[in-house]
Amino acid sequence: MDVNHYLRQHIRTISDWPAPGVQFRDITPLLQDPRVFRILIDQFVHRYMAPELRPDVVAGIDARGFILGAVIAYELGVGFVPIRKKGKLPFATVSETYELEYGSATVEIHTDAVKPGSRVLLIDDLIATGGTMMAGKRLLDKLGGQVIEGAAIVDLPELGGSAALRAAGLPLFTLVDYAGH
Ligand code: AMP
C-alpha cells in the first residue's frame, strides 16, 4: 500500500460538523497513533530536507498547523513561527483579513517573525477554499519572507483553493485529496 493511501485510512470523516453539509476531515487519528504520526511527519521532513526546498523557517497556521509545523521545524533544525487568529499574539503584529462563507476572519503574525529574504515553508492541516493559506502567504509577503511552498495533509480540490493558490504563485504539496467537500 502506498503511503498516501495508508495515511488516508487514518483520517476520520465527520458528516455535518460543525455545520450541516460539511464533511469534516478529522486528522487527529493520524497524530494519536505513534507509528502513523511518524510516517506522516516523515513525508514532509524528507521533502524539505532536500537542499533546493529546505526552508530557513517554518510558519504554522492556527491551530492544527502548529502541531505539524512545530514538529517539522524541529526535525529540520529550523525555527517555527505561529500565524495566529486575531488578538492572541502579544508583541507588534501585522494582520490580514479574508472572507469566509459567512463573515470574515483575521490572522496575525509578529513583525519580527521572519527576516526579509528568508525562505519560509507555510503549513496547515487542510486546504479548502484556500483563503486561510492565502492570508498566511500575504502576511509572510508583508514581512519580506519568500514563501517557497505551502504544505498540508489534505486538499479538497473541488473547492478550488489549491488551484487558486497555485495560480497566485504558491507551489503546494499535499498528501491526501478528497473529491467532494
Ligand atoms: P480554507 O481557508 O477554506 O482553505 O479552510 C482551511 C482551514 O479551515 C484549515 O485551517 C482547516 O483546518 C479548516 N477546514 C476547512 N474545511 C475543513 C474540512 N472540511 N475539514 C476539516 N477542516 C477544515
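See the structure printed just above.
Nothing here was measured: the structure is a model prediction, and the numbers come from that model.

About the criteria used
Residues numbered from 1 in each chain as written. Predicted model: local features only at pLDDT ≥ 70, side-chain atom pairs only at ≥ 80, totals over all residues. Heavy atoms only, no water. Near = heavy atom within 4 Å. Polar contact = N/O pair within 3.5 Å; in protein donor to acceptor, adjacent residues only side chain to side chain. Areas by Shrake-Rupley, 256 points an atom, 1.4 Å probe, with all protein chains shown as cover. 1 Å grid on protein atoms, 1.4 Å probe; cavity = no way out; pocket = protein on both sides within 12 Å on 5 of 7 lines; lining within 4 Å. Sits in = over half its atoms within 2 Å of the grid points. Helix = DSSP H or I, 4+ residues; strand = E, 2+ residues; numbered from the N terminus. Buried < 20%, exposed > 50% of the residue type's maximum accessible area, 1.4 Å probe, protein only. Contact = heavy atoms within 4.5 Å. Points joined across faces, edges and corners; volume = space filled by probe spheres on them. Nonpolar A, V, L, I, M, F, W, Y, C, P; charged D, E, K, R; others polar.

Visitor: Could you clarify how one ought to interpret the site of the ligand in this entry?
Guide: Around the ligand sit 14 residues in total, of which Arg64, Asp125, Thr129, Gly130 and Thr132 are the nearest. Note that an oxygen atom of the ligand is positioned 2.5 Å from one of the side-chain N or O atoms of Thr129. Protein chains shield 81% of the accessible area of the ligand, which is 490 Å² for the free molecule. In this structure, the ligand is accommodated by the largest pocket. Among the elements of the structure, β2 (23-26), β8 (126-127) and α5 (131-142) are those that each provide at least two residues to the shell around the ligand. Counting residues per element, the shell around the ligand draws most heavily on β2, which supplies three residues.

Visitor: Quick question: what am I supposed to make of the environment of Gln32 here?
Guide: With respect to the element layout, Gln32 can be found in helix α2 (residues 28-32). Gln32 sits in the exposed class, given a relative accessible area of 62%.

Visitor: I keep staring at the environment of Phe173 and nothing clicks. Help me out?
Guide: Its place among the elements puts Phe173 in strand β10 (residues 172-177). Aside from chain neighbours lying at most four places away, what touches Phe173 is Gln43, Phe44, Arg47, Tyr48, Glu149, Gly150, Ala151 and Ala152.

Visitor: I keep staring at the layout of surface pockets and nothing clicks. Help me out?
Guide: Which parts of space are left empty comes out when a probe the size of a water molecule is rolled across the atoms. Looking at the largest pocket, its volume works out to about 1200 Å³. If you trace the largest pocket, you find 33 residues lining it, with Phe24, Leu100, Leu126, Ala128 and Thr132 closest to the centre. Residue assignment for the lining of the largest pocket shows that the elements contributing at least two residues are β2, β5 (93-99), β6 (104-110), β8 and α5. Across the lining of the largest pocket, the residue classes break down as 17 nonpolar, eight polar and eight charged.

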